[in-house]
Amino acid sequence: MSSDAGLSVDEGIRTLLLLMPRLVGRAKRMPIPEQLRSLDLAPRHLSLLAYLLFDGPLGVNELASRLEIAPATVSLMVGELSRKGVVDRREDDADRRRTIVSVAEANRVAVDAWLAKGAKAWRKALEPLTHAQRQMFVETLRAYEREVSAEDGEA
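Below is a summary of the structure that appears in this document. (Residues numbered from 1 in each chain as written. Predicted model: local features only at pLDDT ≥ 70, side-chain atom pairs only at ≥ 80, totals over all residues. Heavy atoms only, no water.)

Before going further, it helps to spend a moment on helix α4 (residues 60-67). Taken together, the buried positions of α4 are Val-60, Leu-63, Ala-64 and Leu-67. Buried residues of α4 fall within an arc of 100° about the axis and therefore sit on the same side. Exposed and oriented more than 90 degrees from the buried face of α4 are Asn-61 and Ser-65. As for α4, its buried residues are in contact with α3 (43-55), β1 (58-59), α5 (71-83) and β3 (99-103). One or two steps after α4, the chain reaches Glu-68, where phi turns positive at roughly 60°. (Buried < 20%, exposed > 50% of the residue type's maximum accessible area, 1.4 Å probe, protein only. Helix = DSSP H or I, 4+ residues; strand = E, 2+ residues; numbered from the N terminus. Arc of directions from axis to C-beta. Contact = heavy atoms within 4.5 Å.)

Our next topic: the nonpolar core. For soluble globular proteins, nonpolar side chains are generally found buried alongside one another. Core analysis: the largest hydrophobic core is formed by 27 residues, its most contacted members being Leu-48 and Leu-49. Only α3, α4, α5, β3 and α6 (108-126) provide two or more residues apiece to this core. Among all residues touching Leu-48, those that are not within four sequence positions of it are Leu-63, Leu-67, Val-74, Met-77, Val-78 and Leu-81. (Core = buried A, V, L, I, M, F, W, Y, C linked by side-chain atoms within 4.5 Å.)

Turning to the packing of aromatic side chains, a few remarks are in order. Across all of its chains, the model carries 1 aromatic pair by this definition. Plain terms: the ring middles of Trp-122 and Phe-137 are 5.7 Å apart, the flat faces sit at 55° to each other, and that makes the pair tilted. Of the two residues, Trp-122 sits in helix α6 while Phe-137 sits in helix α7 (residues 131-151), which places them 15 residues apart along the sequence. Overall, the relative accessible area of 45% leaves Trp-122 in the partly exposed class. Its relative accessible area of 33% is what places Phe-137 among the partly exposed residues. (Phe/Tyr/Trp six-rings, centres within 6.5 Å; stacked < 30°, edge-to-face > 60°.)

On to a nonpolar patch on the surface, then. A contiguous nonpolar surface patch, about 330 Å² in accessible area, is contributed by Trp-122, Phe-137, Val-138 and Leu-141. Of the residues forming the nonpolar patch, the biggest block, 3 residues, is contributed by α7. (Patch = residues over 30% accessible without salt bridge, like charges linked within 9 Å, V, L, I, M, F, W, Y side chains within 5 Å. Areas by Shrake-Rupley, 256 points an atom, 1.4 Å probe, with all protein chains shown as cover. Salt bridge = Lys/Arg side-chain N within 4 Å of Asp/Glu carboxyl O.)

This brings us to the side chain of Ser-102. By the element assignment, Ser-102 lies in strand β3. Leave out the neighbours within four places in its chain, and Ser-102 touches Leu-52, Pro-57, Val-86, Val-87 and Asp-88.

Turning to the pattern of salt bridges, a few remarks are in order. One pass over the structure, following the stated rule, counts 11 salt bridges. Arg-97 serves as the salt-bridge partner of Asp-95, at 3.1 Å between the closest nitrogen and oxygen. Of the residues examined, Asp-95 reaches a relative accessible area of 25% and is grouped as partly exposed. We note a salt bridge from Glu-139 to Arg-142, for which the minimum N-O separation is 2.9 Å. A residue pair is termed a helical-turn pair when its members lie 3 or 4 positions apart in one helix, as Glu-139 and Arg-142 do in helix α7 at 3 residues.

The next thing to look at is the sheet that holds strand β2 (residues 87-91). The sheet built from 3 strands is open, its strands ordered β1-β3-β2 with antiparallel pairing. Looking at strand neighbours, the two that pair on one side only are β1 and β2, the edges of this open sheet. With 2 bridges connecting them, β1 and β3 associate as antiparallel partners. Within β3, the residue paired with Leu-58 across the bridge is Val-101. Contacts from α3 reach β1, β2 and β3 within the one sheet, and its direction differs from that of β3 by about 90°. (Pairing = 2+ DSSP bridges. Axes fitted to C-alpha atoms, helices over the stretch in contact; angles between N-to-C directions.)

Here's what the structure looks like:
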(Lines give C-alpha, C1' and ligand atoms only; values in the text may rest on other atoms or scores of the structure.)
Protein backbone atom coordinates (compact mmCIF):
# COMPACT_ATOMS: atom_id res chain seq x y z
CA MET A 1 0.00 0.00 0.00
CA SER A 2 1.41 3.41 -0.90
CA SER A 3 1.67 6.08 1.78
CA ASP A 4 -0.74 8.24 -0.29
CA ALA A 5 -3.49 5.66 0.13
CA GLY A 6 -3.50 6.08 3.90
CA LEU A 7 -4.88 3.64 6.41
CA SER A 8 -8.45 2.77 7.14
CA VAL A 9 -9.47 3.06 10.78
CA ASP A 10 -9.41 -0.74 11.11
CA GLU A 11 -5.96 -0.97 9.49
CA GLY A 12 -4.68 1.72 11.84
CA ILE A 13 -6.13 -0.06 14.86
CA ARG A 14 -4.60 -3.39 13.80
CA THR A 15 -1.21 -1.78 13.23
CA LEU A 16 -1.25 0.04 16.56
CA LEU A 17 -2.48 -2.99 18.53
CA LEU A 18 0.52 -4.89 17.19
CA LEU A 19 2.94 -1.99 17.67
CA MET A 20 2.01 -0.78 21.16
CA PRO A 21 3.15 -3.90 23.08
CA ARG A 22 6.54 -3.68 21.36
CA LEU A 23 6.87 0.01 22.26
CA VAL A 24 5.90 -0.59 25.88
CA GLY A 25 8.24 -3.58 26.09
CA ARG A 26 11.14 -1.53 24.74
CA ALA A 27 10.38 1.33 27.14
CA LYS A 28 10.37 -1.08 30.09
CA ARG A 29 13.73 -2.50 28.98
CA MET A 30 15.36 0.93 28.70
CA PRO A 31 18.52 0.46 30.73
CA ILE A 32 18.79 2.49 33.88
CA PRO A 33 22.22 4.15 34.08
CA GLU A 34 24.68 2.37 36.38
CA GLN A 35 24.68 5.25 38.88
CA LEU A 36 20.90 4.87 39.38
CA ARG A 37 20.51 1.06 39.21
CA SER A 38 20.86 0.41 42.92
CA LEU A 39 18.14 2.98 43.71
CA ASP A 40 15.22 0.73 42.66
CA LEU A 41 13.69 3.34 40.34
CA ALA A 42 10.59 2.53 38.30
CA PRO A 43 9.08 3.94 35.11
CA ARG A 44 6.72 6.09 37.23
CA HIS A 45 9.79 7.94 38.48
CA LEU A 46 10.87 8.64 34.89
CA SER A 47 7.94 10.99 34.21
CA LEU A 48 8.56 12.96 37.40
CA LEU A 49 12.27 13.23 36.66
CA ALA A 50 11.57 14.21 33.04
CA TYR A 51 9.48 17.18 34.17
CA LEU A 52 12.20 18.29 36.56
CA LEU A 53 14.92 17.89 33.94
CA PHE A 54 13.04 19.65 31.13
CA ASP A 55 11.21 22.32 33.14
CA GLY A 56 13.58 22.88 36.06
CA PRO A 57 12.64 22.94 39.73
CA LEU A 58 8.90 22.62 40.39
CA GLY A 59 6.58 22.64 43.37
CA VAL A 60 4.89 19.43 44.51
CA ASN A 61 1.46 20.70 43.44
CA GLU A 62 2.80 21.67 40.00
CA LEU A 63 4.28 18.19 39.60
CA ALA A 64 1.01 16.60 40.71
CA SER A 65 -0.93 18.63 38.17
CA ARG A 66 1.44 17.75 35.32
CA LEU A 67 1.58 14.07 36.29
CA GLU A 68 -2.20 14.03 36.80
CA ILE A 69 -1.90 12.36 40.19
CA ALA A 70 -2.68 13.45 43.74
CA PRO A 71 -0.25 15.81 45.50
CA ALA A 72 0.02 13.28 48.35
CA THR A 73 1.25 10.66 45.87
CA VAL A 74 3.83 13.08 44.49
CA SER A 75 4.93 13.94 48.04
CA LEU A 76 5.51 10.23 48.73
CA MET A 77 7.48 9.81 45.49
CA VAL A 78 9.53 12.95 46.18
CA GLY A 79 10.24 11.77 49.72
CA GLU A 80 11.41 8.40 48.42
CA LEU A 81 13.57 9.97 45.70
CA SER A 82 14.96 12.53 48.14
CA ARG A 83 16.03 9.82 50.62
CA LYS A 84 17.81 8.07 47.73
CA GLY A 85 19.57 11.31 46.74
CA VAL A 86 17.95 11.50 43.29
CA VAL A 87 16.10 14.76 43.95
CA ASP A 88 16.59 17.69 46.28
CA ARG A 89 13.76 19.32 48.22
CA ARG A 90 13.82 22.81 49.64
CA GLU A 91 11.34 25.29 51.02
CA ASP A 92 10.24 28.07 48.70
CA ASP A 93 11.72 31.32 50.05
CA ALA A 94 8.54 33.18 49.07
CA ASP A 95 6.14 30.63 50.62
CA ARG A 96 7.53 28.37 53.35
CA ARG A 97 4.58 25.97 52.95
CA ARG A 98 5.63 25.23 49.37
CA THR A 99 8.27 22.57 48.64
CA ILE A 100 10.43 23.01 45.54
CA VAL A 101 11.83 19.84 43.98
CA SER A 102 14.81 19.55 41.61
CA VAL A 103 17.04 16.81 40.24
CA ALA A 104 20.04 16.45 42.56
CA GLU A 105 23.17 17.73 40.83
CA ALA A 106 25.01 14.50 41.71
CA ASN A 107 22.52 12.54 39.59
CA ARG A 108 21.65 15.06 36.85
CA VAL A 109 23.92 13.45 34.22
CA ALA A 110 22.61 9.95 35.00
CA VAL A 111 18.97 11.09 34.84
CA ASP A 112 19.66 12.87 31.56
CA ALA A 113 21.28 9.67 30.20
CA TRP A 114 18.19 7.66 31.23
CA LEU A 115 15.97 10.01 29.21
CA ALA A 116 18.36 10.59 26.30
CA LYS A 117 17.68 7.46 24.23
CA GLY A 118 13.92 7.99 24.28
CA ALA A 119 14.29 11.70 23.61
CA LYS A 120 16.59 11.03 20.66
CA ALA A 121 14.14 8.51 19.16
CA TRP A 122 11.17 10.89 19.63
CA ARG A 123 13.17 13.74 18.05
CA LYS A 124 13.97 11.62 15.01
CA ALA A 125 10.33 10.56 14.69
CA LEU A 126 8.81 14.01 15.25
CA GLU A 127 11.22 16.36 13.43
CA PRO A 128 10.01 15.49 9.89
CA LEU A 129 6.42 16.34 10.89
CA THR A 130 4.90 19.78 10.67
CA HIS A 131 3.91 21.58 13.86
CA ALA A 132 0.26 20.66 13.19
CA GLN A 133 1.12 17.00 12.55
CA ARG A 134 3.11 16.81 15.80
CA GLN A 135 0.21 18.40 17.66
CA MET A 136 -2.23 15.89 16.16
CA PHE A 137 0.05 12.96 17.00
CA VAL A 138 0.42 14.05 20.64
CA GLU A 139 -3.31 14.74 20.98
CA THR A 140 -4.09 11.32 19.46
CA LEU A 141 -1.88 9.59 22.04
CA ARG A 142 -3.54 11.63 24.82
CA ALA A 143 -7.01 10.68 23.54
CA TYR A 144 -6.00 7.01 23.45
CA GLU A 145 -4.68 7.20 27.02
CA ARG A 146 -7.89 8.91 28.20
CA GLU A 147 -10.05 6.23 26.60
CA VAL A 148 -8.01 3.35 28.01
CA SER A 149 -8.11 5.00 31.44
CA ALA A 150 -11.89 5.52 31.19
CA GLU A 151 -12.41 1.88 30.25
CA ASP A 152 -10.33 0.86 33.29
CA GLY A 153 -12.50 3.09 35.50
CA GLU A 154 -9.65 5.54 36.14
CA ALA A 155 -11.31 8.62 34.68
